[in-house]
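Results of the structural survey
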Amino acid sequence: MELVIALVVGLIALFVVITLVRSVRIVPQQRNFVVERLGKYQRTLRPGLNVLVPFVDSVRTKVDLREQVVSFPPQPVITSDNLVVSIDTVLYFKVIDPVKATYEIANFLQAIEQLTVTTLRNVIGSLDLEKALTSREEINRHLSGVLDETTGRWGVKVTRVEIKAIEPPPSIRDSMEKQMRAERERRATILTAEGQKQAQILNAEGDKQGAVLRADGDRQSRILQAEGQAKAIRMVFDAIHTANPSQKVLAYQYLQALPQIANGQASKVWIVPAELTKALEGLGGALGGLAATADDTPESVLDASAVEREAAEAAQSAADAAQEVQQEVHEAERQASGKTGQRPRGLPAPNPLSPSSLLGTEDTKPEHA
């Protein structure tokens, strides 16, 4: 008897535990449970602790309210230019009404997939391949509008639709790659030609500016040189005009410059006229009387012997230069005649010069036999 009582008590305790378990529901955050009572919708359980009538109320579905992402398999779509392309789509959605999502449609996810495929075929069918590849944003907006309008009555909100990939046929991909390669080569050729053109233009402008600057610099240099020479000539002329030199001083300066004239490297043959010796004798006579002339006697104390010695040295240099010129003339005559010792007609024989003749102090002693 006690065993029967214990068994009954155990069954009662087990029934109480099962009843408590079936009557208490804990709903997680962002979840909703749809409850039916005797097969009819009764209420929706919110997150937290909820109590049900045991053996009367039951949970029909557990709905996730978070935003979900689903990727649909590639779908073949025909474009307006009769090309078959494969398109992958990604769908973002969330359930906003658990009751509608449970009772308005049996499987809203499958319905969304089929609706996406049909809408995508309608949109792509009105576009050619090039337009379809470059109009993803437009296709996404069209899909989002159609899906959102249709799925609203199912308690589902489509937040975003993205086209993941559009794959044309292999032959079309090869043709597109060749076209893009040719386009890139054309652009590279154009850019290279434009770069060379700009480089040539810049080089030409640089050469032009450089030539202009060099010409301007040469002009300025010549102007400055001419101004310097003019200033130097003016200063020399003013100095000579201020000093007022006599003819004898000028003759003395000529005798000093005569050796430099005779030593010219470009002078190969000298033709000396017969009147040169007379001119040199006249200059020598003028220099000889330089010290005795009262008009050219310097007012300051001057060593006369030093002046005569310097004049004699200048005359000796002039005589040597004249002698070399006579030798060159004689050699030229020999080469012209072709015979040694025969002088061409019409040329007078040169007279030897001496320093005393240049100074006007020719020795008047009689020649000894």
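Placed above this text is the structure.
Since this is a predicted model, take the numbers as computed values, not measurements. (Residues numbered from 1 in each chain as written. Predicted model: local features only at pLDDT ≥ 70, side-chain atom pairs only at ≥ 80, totals over all residues. Heavy atoms only, no water.)

Regarding the overall build of the protein chain
- The secondary structure content of the protein chain amounts to 10 helices and 8 strands.
- The contacts of the protein chain with a sequence gap of at least 6 include a subset with a gap of at least 24, amounting to 67%. (Helix = DSSP H or I, 4+ residues; strand = E, 2+ residues; numbered from the N terminus. Contact = heavy atoms within 4.5 Å.)

A few points about the pattern of salt bridges
- Scanning the model with the defined rule gives 10 salt bridges in all.
- With a shortest N-O distance of 2.5 Å, D57 and R37 are connected by a salt bridge. On the criterion of sequence distance, the pair formed by D57 in strand β5 (residues 57–64) and R37 in strand β2 (residues 31–37) is long-range, its members being 20 residues apart.
- By relative accessible area, R37 is classed as partly exposed at 34%.
- A salt bridge links D64 to R66; the shortest N-O distance between them is 2.9 Å. (Salt bridge = Lys/Arg side-chain N within 4 Å of Asp/Glu carboxyl O. Buried < 20%, exposed > 50% of the residue type's maximum accessible area, 1.4 Å probe, protein only.)

Comments concerning the sheet that holds strand β3 (residues 40–45)
- Read across the open sheet, the 3 strands follow the order β3-β2-β5; overall the sheet is antiparallel. Lying at the two open borders of the sheet, with one neighbouring strand each, are β3 and β5. Each neighbouring strand pair of the sheet contributes to a mean axis angle of 25°, computed without reference to strand direction.
- For β2 and β3, the ladder comprises 5 bridges, and the chain directions are antiparallel. By the bridge assignment for β3, V34 is matched with T44. (Pairing = 2+ DSSP bridges. Axes fitted to C-alpha atoms, helices over the stretch in contact; angles between N-to-C directions.)

Topic: helix α3 (residues 108–125)
- The end-to-end C-alpha distance of α3 is 25 Å, a good match for the 26 Å that 18 residues give at a rise of 1.5 Å each.
- When we look at burial in α3, the residues that qualify are F108, A111, I112, L115, T116, V117, T119, L120, V123 and I124.
- Elements that come into contact with the buried residues of α3 comprise β6 (68–78), β7 (84–95), α2 (98–103), α4 (129–134), α5 (136–151) and β8 (156–167). (Expected span 1.5 Å × (residues − 1).)

Let's talk about the side chain of T79
- Looking at the secondary structure, you find T79 in the loop between β6 and β7.
- T79 gets classed as buried once you look at its relative accessible area, which sits at 3%.
- Other than its neighbours up to four places away in sequence, T79 contacts V85, I124, G125, L127, D128 and L129.

Brief notes about the packing of α3 against α5
- The contact between α3 and α5 brings their axes to 10 Å, and the two run at 140°. Our classification of the angle between α3 and α5 gives oblique. Along this stretch, α3 crosses α5, giving a crossing that reads as right-handed. Residues I112, L115, T116, T119, L120, V123 and I124 of α3 form the contact with α5, whose participating residues are I139, H142, L143, V146, L147, T150 and T151.
- A class-by-class count of the residues in the contact of α3 with α5 yields 9 nonpolar, 5 polar and no charged. (Parallel < 35°, antiparallel > 145°, perpendicular 65-115°, else oblique. Left-handed = near helix turned anticlockwise from the far one by under 90°. Nonpolar A, V, L, I, M, F, W, Y, C, P; charged D, E, K, R; others polar.)

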